[in-house]
Amino acid sequence: GAVVSQHPSRVICKSGTSVKIECRSLDFQATTMFWYRQFPKQSLMLMATSNEGSKATYEQGVEKDKFLINHASLTLSTLTVTSAHPEDSSFYICSATQGGNTEAFFGQGTRLTVV
Amino acid sequence: GENVEQHPSTLSVQEGDSAVIKCTYSDSASNYFPWYKQELGKRPQLIIDIRSNVGEKKDQRIAVTLNKTAKHFSLHITETQPEDSAVYFCAARRAGKSTFGDGTTLTVKP
């Protein structure tokens, strides 16, 4: 299958700082990328949908000013957690598709710990 | 929006037995139903999927069935092995957007 690379895989940051997570599709053009958050032993909760060249669509309850998403090219989307707090600690995973109902490929996830 | 319910939340079987996980969905416009296997701390891996124009699909020990009328689909794993132990998620997708079930922790005892 296609490869989606997510970096970093782990990050520890201080409370109040910002963290950027990158999601890259390495061998296909991802017209749509999705960002999920997953708490321990829980399901993947969709945070936002990002289409190349347009503003991300955020799910209800997700603060767009706190979780900044940029999808500047067909192979790269970034999620920036601004002014991070301990409650933002979680596993963040991106997925990428070529649009429609094609298979979605997941990045390896980023374990964010805010101290 | 879409609501996906998955049962059971935990499932323990003996090696060689079959395992069945069931999901229901609410949005009749959903037309793609993937199943993922996720090991601890790793990314979800697609193991099988089915589209709404198909009732059943099989890939070696894994099969998925879909009942569009009842809006439910199931994952069947036969001849389970200890390496099948993981968390399994179902999902229902509409217009590219997936809603996931809460997951089933499958334990296969040797």
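All figures in this text were calculated on a predicted structure; none of them were measured in a lab.

Novice: Teacher, can you tell me more about the overall build of chain B here?
Specialist: Of regular secondary structure, chain B possesses zero helices and 11 strands. Helices (α) and strands (β) of chain B occur, in sequence order from the N terminus, as β-β-β-β-β-β-β-β-β-β-β. Across its three principal axes, chain B shows a C-alpha extent of roughly 40 × 30 × 20 Å. The buried share of chain B, taken over its 110 residues, is 44%. Contacts spanning at least 24 positions in sequence make up 52% of the contacts within chain B whose residues lie at least 6 apart. On chain B, roughly 5,600 Å² of surface is accessible, and the fraction owed to carbon and sulfur atoms is 45%.

Novice: Looking at this structure, I do not really get the interface of chain A and chain B. What am I missing?
Specialist: A common way to express how large an interface is: the accessible area buried when the components associate. Counting residues at the interface gives 20 residues for chain A, matched by 19 residues for chain B. Both faces considered, chain A and chain B share a buried interface measuring about 1,600 Å² in area, 49% of it formed by carbon and sulfur atoms. If you look at where chain A meets chain B, you find one salt bridge. The salt bridge partner of A:Glu59 is B:Lys97, with a shortest N-O separation of 2.9 Å. Among the residues forming the side of chain A that touches chain B, the class breakdown is nine nonpolar, nine polar and two charged.

Novice: Explain the sheet that holds strand 6 (residues 56-59) of chain B to me, please; I cannot follow it from the model alone.
Specialist: Two orientations exist for strands paired in a sheet by backbone hydrogen bonds: parallel and antiparallel. All names here are of chain B. Across the sheet, five strands lie side by side as 1-3-8-7-6; this open sheet has antiparallel pairing. Only two strands of the sheet have a single neighbouring strand rather than two, namely strand 1 (4-7) and strand 6. The sheet shows a mean angle of 15° between the axes of neighbouring strands, direction not considered. One ladder, built from four bridges, connects strand 1 with strand 3 (residues 19-25); its direction is antiparallel. Along strand 3, the bridge assignment pairs Glu5 with Thr24.

Novice: Sorry, what's going on with empty space enclosed by the protein here?
Specialist: Scanning the entire structure with this criterion turns up one cavity of 30 Å³ or more. Put simply, the largest cavity is a space of about 30 Å³. Lining the largest cavity are A:Phe34, A:Tyr36, A:Ser95, A:Ala104, A:Phe106, B:Tyr36, B:Arg93, B:Gly96, B:Ser98 and B:Phe100. Those elements giving two or more residues to the lining of the largest cavity turn out to be strand 4 (32-38) of chain A together with strand 10 (97-100) of chain B. Considering only residue class, the lining of the largest cavity consists of six nonpolar, three polar and one charged.

Novice: Could you clarify how one ought to interpret the pairing of strand 8 (residues 72-77) of chain B in this entry?
Specialist: Side-chain positions along a regular strand alternate between the two faces of the sheet. Residue and element names in this part refer to chain B. Bridge analysis of strand 3 against strand 8 gives six bridges, and the strand direction is antiparallel. Residue pairing for strand 8: Cys23 is matched across the bridge by Phe73. Note: strand 7 (residues 62-67) against strand 8, six bridges, orientation antiparallel. Note that in strand 8 the partner of Leu66 across the bridge is Phe73. Two successive antiparallel strands, strand 7 and strand 8, enclose a turn made up of four residues, where Lys71 displays a positive phi of approximately 60°.

Novice: I'm lost on the pattern of salt bridges in this one. Help?
Specialist: Close approach of charged atoms allows side chains of opposite charge to pair. Residue and element names in this part refer to chain B. Taken as a whole and assessed by the stated rule, the structure comprises seven salt bridges over all chains. Asp49 is the partner of Lys57 in a salt bridge, and the nearest nitrogen-oxygen pair spans 2.7 Å. As a salt-bridge pair, Arg61 and Asp84 come within 2.9 Å of each other at their nearest N and O atoms. Taken together, the residues span a long stretch of sequence, with Arg61 in the loop between strand 6 and strand 7 and Asp84 in the loop between strand 8 and strand 9 (86-94) at a distance of 23 residues. Residue classification places Asp84 among the buried positions, given a relative accessible area of 7%.

Thresholds applied
- Residues numbered from 1 in each chain as written.
- Chains lettered and ligands numbered in written order.
- Predicted model: local features only at pLDDT ≥ 70, side-chain atom pairs only at ≥ 80, totals over all residues.
- Heavy atoms only, no water.
- Helix = DSSP H or I, 4+ residues; strand = E, 2+ residues; numbered from the N terminus.
- Buried < 20%, exposed > 50% of the residue type's maximum accessible area, 1.4 Å probe, protein only.
- Contact = heavy atoms within 4.5 Å.
- Areas by Shrake-Rupley, 256 points an atom, 1.4 Å probe, with all protein chains shown as cover.
- Buried area = accessible area lost by both parts, 1.4 Å probe.
- Salt bridge = Lys/Arg side-chain N within 4 Å of Asp/Glu carboxyl O.
- Nonpolar A, V, L, I, M, F, W, Y, C, P; charged D, E, K, R; others polar.
- Pairing = 2+ DSSP bridges.
- Axes fitted to C-alpha atoms, helices over the stretch in contact; angles between N-to-C directions.
- 1 Å grid on protein atoms, 1.4 Å probe; cavity = no way out; pocket = protein on both sides within 12 Å on 5 of 7 lines; lining within 4 Å.
- Points joined across faces, edges and corners; volume = space filled by probe spheres on them.

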